[in-house]
Amino acid sequence: MTEHPRETTREQREPGVTRRGVEEQQAPLGAAGDPGLRRAAPAGRVQPGEAMATASLYEEGLEVESRSVWRLALRRFLRHRLAMASLILLVLIFLAGIFANLVAPYSYSQINLSDAGLGPSLSGYHFFGTDDLGRDYFSRVIYGIRTTEAVAIFTAVLSVALGTLVGAVAGYFGGWIDNLLMRLTDLVLTLPALAVLLVASALLSTDSPITVSFLLAAILWTSLARIVRGSFLSLKENEYIEAARASGASHTRIILRHMLPNSLGPIIVNGTLTVAVAILIEAVLSFLGFGIKPPTPSLGSLINDGKGQMLTEWWLVTFPGLTIVIICLCVNFIGDGLRDALDPTQRRVRA
Amino acid sequence: MPEPVLSLRDLTVEFHTDDGIVHAVDHVSYDVYPGETLGVVGESGSGKSVTVMSLLGLVPQGRIMSGQALFKGRDLLKLPDKELRRIRGKEVAMVFQDPMTSLNPVFKIGDQIAEALQAHDPGLSEDDARTRAIELLDLVGVPQAPRRAEQYPHEFSGGMRQRAMIAMAIANQPSLLIADEPTTALDVTIQAQILEVLRAAQREMKAATILITHDLGLIAEMADRVVVMYAGHVVETADVGTIFHAPRHPYTLGLMGSLPQVGRDDEWLRPIPGQPPSLINVPPGCPFHPRCALSEGRIECRTRLPELAPVDGEYHLSACHFKHELRERSEELLRHMEGIA
Amino acid sequence: MGTYILRRVLYSIPVLIAASMLIFFFVSAVGDPLAQVRAIPKVSQETIHHIIVRKHLDKPLIVQYGYWVENAVLHRFGTTLLGDNPIWPDLRLALSNTLQLVIVSEVVAVIFAILVGVYSAVRQYSAFDYAATTFSFVGFSTPVFWLALILQVLVTNIFLAYGIRIFYTSGFSTPGVTGLLPSILDRLQHLALPVITLAFVSIAQYSRYLRASMLEVINSDYVRTARAKGLLTRQVVMKHALRNALIPFATVVALDFGAYFGGVIVTESVFSIPGMGLYFIRALNAADLYPIMAWLIVTAVMVILFNLIADILYGILDPRIRYD
């Protein structure tokens, strides 16, 4: 993305009362009527004055502070009703997928021609109806969830790992490494992700969930890499990082111990949202017949299966699709709640 | 004294946030008389800006809970939006703190001034508005005004932008000019020039001025009368001489103490001990008592909010239970504060 | 301004070269150009050898890249491996059809996103704002192909039940329709569902983005100045605030163009529109690498072109950008 030059920091200099305490504890609504109503210090940051303390002293301070920051974030998240409801629903859906063989009334591929083409009904537990072969679509959706959730979570973990690594290295070391890595991510973005995935999965003729995950992660890491890089670039300027470096801490230690914890908020939010993106893209691949292929069940391939009869048996495409929508909605709401909880600068004022 | 241009009574403004209710302005009353410069002084967060901006409907998140603001006989707080809009920029104009962010970056300076004219005179032609805008820029001392009017804000220096802001504010010859920390964001060398422009503009327009600042030096130089605010309350008001020579509120006294004085041996500032209170949990009783050297744990200060009452004569008011003790003890108290700090 | 644009154009050239290398080496790495030929039992070893020599497949990859670039530049991407059909005429037709679809969708999406985004920001936390937020979340969570299928089912069933043909559910035009107005109407009836499908997700994203940047701008000092001047709310919002909020928004929309070429793959294959998407799926199914690479190049050119447009737009909208 092109950066937009914004003049956001508006320092309020108050020479009459220039003690540090006043500036930090600046009461909401300063002279300029700052409508953000921001609280004093941003999460997880240590005040510059303390930075010159020795590294070990400093670390103690950070731990106490960061622990309370996380507790505050947790409390904010628990207060976010929509996110909590989504979390509960999502856990239930995912549990149903994990224990598909216990939850599903039928097996995935059990053919029962006497029940062929039934609409959704409570009788015989065909909640989502059956197809032309009498296969129960409720059971098939539950098994589909199992594959889809595994692919999505594995993809998210992989892409977070890769994105964080690239972003951290680029942001921390800067210079030509940064330039090279960022031009690489730029280049990846000149091609539509879906097309690249389709080419790769079609030509490699992959259909195992694990390879699909690797392919998805190979595309999805770029956005997080940019976020982590940006966060590291600004953290690098902080004096306490200088102090840690001066006290002889290694690069790995500085990255893992001092910088990563302070970038964790955006990483968690991005990782969560990646789950939803992965589900959507996997569904497209499978729908077009290039991702996960039968007999492995997935929500996308179920829609592909049902599309031939969709005009008469509408339930065959409707329910697997709705399941995707509901799962992704839950994930997005959770991500939204996490963003509110982990990014206290975006506080709300009720007018 | 003549009729006031603006008469504020019991204005209360709150902000509702996730953390609680912010009591930004709490029963504030003061008057502004024609032609005078009223200085409103206080730390950031004392409510000095919110007070005036909420009158003009410029604090959308703020809830005006009570009060009255009579401007030329009309209560601004009860005016419908349409009427209030006609007053903003025409009868009452503002100059803001930060000229770097207060001008729209995507429009030319001249157009932004012309727009202020046309907003209140729809019949004014583009050409006439532009000519007038150039005249105004010239008036506030922007050199080569015709050329500068065609430039964008980023092509102006901070001082020049503030001049443009002043030109915009006086465009419609307002009867009340509100300057909110007009020089705070500027270099010291530019500050004096801007003050001169402001003073000239005020003379030209014969407008009453509210000067909002934390800078007592500015108050001493510009103001006729002073209102001191603390934690959303008016704590003292008097003419400028009285404020500086016979303050009758410990907070005002504290502000004096933190003013650097030429000719004194110790050039360092004497700060007021403690910190301004959170406006979500304002201390009970007098909001200043936790930092007050005069209070010394007296029960009255902790339980009862002092009223703004006359000290000696009608125009010197102070909100302190023990304001009369200050007469004898001011020097002693200043030393006392020094000891704590 | 002229030199600024020229510089941006020149800057695009190395990007295009890098993209072409990426495309060539990526496709060569994942695919075997001869897989499809070898799968046909009748084809003799000699024929295969003949193809290898003619297409220089026995040379090192970097040399193959050179031949491929030459072919692409001088012979408009050359011919397909099987059947030796020229690539460019089909691809060009597909591109022009897709551009119609994409431009109409983008225009629809931008108009709705501005309306929704501005109103949501001005009436933050109102019922409308919450409804728009919910809509956006649904938009982020809906698979495009599924939405396309559901629209198809709905419109077809309405047609079957009431005999009313509001929109067509597949194809790009009805054969035999003549005359300017009837053919425009016919085209619109064919475009409607794909446009709704494509615009749906874009409106969700763009309106959120515009809402966020409007909120930031609305709370800025210069908007407060505009209000303090006594301007009408409409002027404050639509002139002072929107004009600034549009700067990052225009960039995002232009950059999002690349994603549209991903989006058309799905939409076109559901609605059988003879555009880039359908072309791509056919090429994939035929496993013919040359049309696939040609498609990727054309898409990359489009993305780079719209990056360029984004930069130029940015320069036009924001006077703070210096051209020298």
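Our next topic: the overall build of chain C. For chain C, the count of helices and strands is 13 helices and 0 strands. Put simply, chain C has 324 residues, and 52% of those count as buried. A separation of at least 24 residues holds for 73% of the contacts in chain C among residues at least 6 apart in sequence. Put simply, chain C shows about 14500 Å² of open surface, and 68% of that area lies on carbon and sulfur atoms. Each charge sign in chain C was given a centre, from 23 positive and 17 negative side chains, and these centres are 10 Å apart.

Turning our attention to the interface of chain C and chain B. Taken together, the 19 residues of chain C in the interface contact 27 residues of chain B. Summed over both sides, the interface between chain C and chain B buries roughly 2200 Å², with carbon and sulfur atoms accounting for 58% of that surface. Of all residues in chain C, R224(C), R227(C) and K229(C) give up the largest surface area on contact with chain B, accounting jointly for 29% of the area buried on that side. Linking K229(C) and E115(B) is a salt bridge whose minimum nitrogen-to-oxygen distance equals 2.8 Å. There are 15 residue pairs in polar contact (both at pLDDT 80 or more) connecting chain C and chain B. Secondary structure elements with two or more residues in the side of chain C that touches chain B: α9 (221-228) and α10 (233-255) of chain C. It is α9(C) that contributes the most residues to the side of chain C that touches chain B, 6 residues altogether. Taken together, the residues that form the side of chain C that touches chain B break down as 7 nonpolar, 5 polar and 7 charged.

Here we take up the environment of I93(A). Residue and element names in this part refer to chain A. Locating I93 in the fold gives a position in helix α3 (residues 81-98). Using a relative accessible area of 15% as the deciding quantity, one classes I93 as buried. Spatially, the C-alpha atom of I93 lies 43 Å from that of I177, the residues being 84 residues apart in sequence. Aside from chain neighbours lying at most four places away, what touches I93 is I145, E149, I326 and I327.

Residue and element names in this part refer to chain B. Bridging between strand β1 (residues 6-17) and strand β2 (residues 20-32) involves 9 bridges; their strand directions are antiparallel. Along β2, the bridge assignment pairs F15 with V22. Counting the residues that bridge the hairpin from β1 to β2 gives 2 residues.

Time to look at helix α12 (residues 276-286) of chain C. Among the 11 residues that make up α12(C), 8 are buried, leaving the element largely enclosed by the rest of the structure. All of the buried residues along α12(C) are M276(C), G277(C), L278(C), Y279(C), F280(C), I281(C), A283(C) and L284(C). The inward-facing, buried residues of α12(C) abut α7 (193-203) of chain A together with α5 (88-122), α11 (257-271) and α13 (289-317) of chain C. Following α12(C) by one or two positions, A287(C) has its phi on the positive side, about 50 degrees.

Here we take up the sheet that holds strand β8 (residues 208-213) of chain B. Backbone hydrogen bonds hold the strands of a sheet together, and the pairing may be parallel or antiparallel. Residue and element names in this part refer to chain B. Across the sheet, which stays open at both edges, the 8 strands sit in the order β6-β7-β8-β3-β9-β10-β12-β11 with mixed pairing between neighbours. Each edge of the open sheet carries a strand with a single partner, namely β6 (92-95) and β11 (309-310). Pairing between strand β7 (residues 176-180) and β8: 5 bridges, direction parallel. Counterpart to A179 in the pairing with β8 is L211. Lying over the sheet, helix α11 (residues 250-257) contacts β3 (37-41), β9 (225-230) and β10 (233-239), oriented at roughly 105 degrees with respect to β9.

Contacts between chain C and chain A engage 57 residues on the former and 49 residues on the latter. Regarding the contact of chain C and chain A, the summed buried area is about 4300 Å², with carbon and sulfur atoms giving 77% of it. In terms of surface lost to chain A, no three residues of chain C exceed F137(C), F145(C) and W146(C), which account for 14% of the buried area on that side. Here chain C is connected to chain A by 3 residue pairs in polar contact (both at pLDDT 80 or more). Elements with a contribution of two residues or more to the side of chain C that touches chain A: α1 (2-30), α6 (127-141), α7 (144-162), α9, α10, α11, α12 and α13 of chain C. The element best represented in the side of chain C that touches chain A is α13(C), accounting for 10 residues. Taken together, the residues that form the side of chain C that touches chain A break down as 38 nonpolar, 13 polar and 6 charged.

With that settled, the discussion passes to unusual backbone geometry. Not every positive phi belongs to a glycine, and H27(B) is a case in point at roughly 50 degrees. Residue position: H27(B) is located in strand β2.

To continue, consider a nonpolar patch on the surface. Taken together, L87(A), I88(A), V91(A), L92(A), L95(A), I98(A), F99(A), L102(A) and V103(A) make up a surface patch of nonpolar side chains, about 800 Å² in accessible area. Elements with a contribution of two residues or more to the nonpolar patch: α3 and α4 (100-103) of chain A.

Below, the discussion takes up the environment of H324(B). Relative to the helices and strands, H324(B) is located in the loop between β12 (317-318) and α13 (326-340). Along the sequence, H324(B) and P277(B) sit 47 residues apart, while their C-alpha atoms lie 25 Å from each other.

What follows covers the packing of helix α8 (residues 180-218) of chain C against α10(C). Residues and elements named next belong to chain C. One can describe the packing of α8 onto α10 by two numbers: an axis separation of 9 Å at closest approach and a directional angle of 135 degrees. In this view, α8 runs oblique relative to α10, as classed from their interaxial angle. In this structure, α8 crosses over α10, and the sense of that crossing is right-handed. For the pair formed by α8 and α10, the contact residues are Y206, Y209, L210, S213, M214, V217 and I218 on the first element and V237, H240, A241, L242, N244, A245, P248, F249, V252 and V253 on the second. By residue class, the composition of the contact of α8 with α10 is 14 nonpolar, 3 polar and no charged.

Bringing the packing of aromatic side chains into the picture now. Taken as a whole and judged by the stated rule, the model has 24 aromatic pairs over all chains. Geometrically, the ring pair formed by Y230(B) and F288(B) is edge-to-face, given 5.0 Å between the ring centres and 85 degrees between the ring planes. Of this pair, Y230(B) sits in strand β9 while F288(B) sits in the loop between α11 and α12 (299-303); the two residues are 58 residues apart in sequence, bridging distant segments of the chain. The two residues Y230(B) and F288(B) agree in class, both being buried. For the pair F280(C) and W295(C), a centre-to-centre distance of 4.2 Å together with 35 degrees between the ring planes defines the contact as tilted. Of the two residues, F280(C) is situated in helix α12 and W295(C) in helix α13; the sequence distance between them amounts to 15 residues.

Residue and element names in this part refer to chain B. Where burial is concerned, most of β9 is hidden: 6 out of the 6 residues are buried. Neither face of β9 is open: one carries R225, V227 and M229, the other V226, V228 and Y230, and all of them are buried. As judged from the 4 bridges shared by β3 and β9, these two strands associate in the parallel manner. Bridged to L38 within β9 is R225. Pairing of β9 with β10, which is carried by 6 bridges, proceeds in the antiparallel orientation. Counterpart to R225 in the pairing with β10 is D239. Where β9 folds back on β10, the antiparallel hairpin that results is connected by 2 residues, among which A231 adopts a positive phi of roughly 50 degrees.

Summarising the element assignment, H240(C) is placed in helix α10. Within the structure, H240(C) has its side chain in polar contact with the side chain of E115(B) (distance 2.8 Å). For H240(C), the residues in contact, after removing those within four places along its chain, are N104(B), F107(B), E115(B), V217(C), Y222(C), A226(C), K229(C), L231(C) and Q235(C).

Another aspect to go through is the confidence of the model for chain C. Residues and elements named next belong to chain C. This prediction gives chain C a mean pLDDT of 88; 99% of its residues lie at or above 70. Confidence, read as mean pLDDT per element, is least for helix α2 (residues 35-39) in chain C (74) and greatest for α9 (94). Here the complex is predicted with pTM 0.82, and the ipTM for its interfaces comes to 0.87.

Bringing the environment of S157(B) into the picture now. All names here are of chain B. Summarising the element assignment, S157 is placed in the loop between α6 (145-148) and α7 (158-170). By relative accessible area, S157 is classed as partly exposed at 42%. Along the sequence, S157 and V311 sit 154 residues apart, while their C-alpha atoms lie 45 Å from each other.

Thresholds, definitions, all that
- Residues numbered from 1 in each chain as written.
- Chains lettered and ligands numbered in written order.
- Predicted model: local features only at pLDDT ≥ 70, side-chain atom pairs only at ≥ 80, totals over all residues.
- Heavy atoms only, no water.
- Helix = DSSP H or I, 4+ residues; strand = E, 2+ residues; numbered from the N terminus.
- Buried < 20%, exposed > 50% of the residue type's maximum accessible area, 1.4 Å probe, protein only.
- Contact = heavy atoms within 4.5 Å.
- Areas by Shrake-Rupley, 256 points an atom, 1.4 Å probe, with all protein chains shown as cover.
- Lys, Arg positive; Asp, Glu negative; His and termini not counted.
- Charge placed at Lys NZ, Arg CZ, Asp CG, Glu CD.
- Buried area = accessible area lost by both parts, 1.4 Å probe.
- Salt bridge = Lys/Arg side-chain N within 4 Å of Asp/Glu carboxyl O.
- Polar contact = N/O pair within 3.5 Å; in protein donor to acceptor, adjacent residues only side chain to side chain.
- Nonpolar A, V, L, I, M, F, W, Y, C, P; charged D, E, K, R; others polar.
- Pairing = 2+ DSSP bridges.
- Axes fitted to C-alpha atoms, helices over the stretch in contact; angles between N-to-C directions.
- Patch = residues over 30% accessible without salt bridge, like charges linked within 9 Å, V, L, I, M, F, W, Y side chains within 5 Å.
- Parallel < 35°, antiparallel > 145°, perpendicular 65-115°, else oblique.
- Left-handed = near helix turned anticlockwise from the far one by under 90°.
- Phe/Tyr/Trp six-rings, centres within 6.5 Å; stacked < 30°, edge-to-face > 60°.
- pLDDT = per-residue confidence, 0-100.

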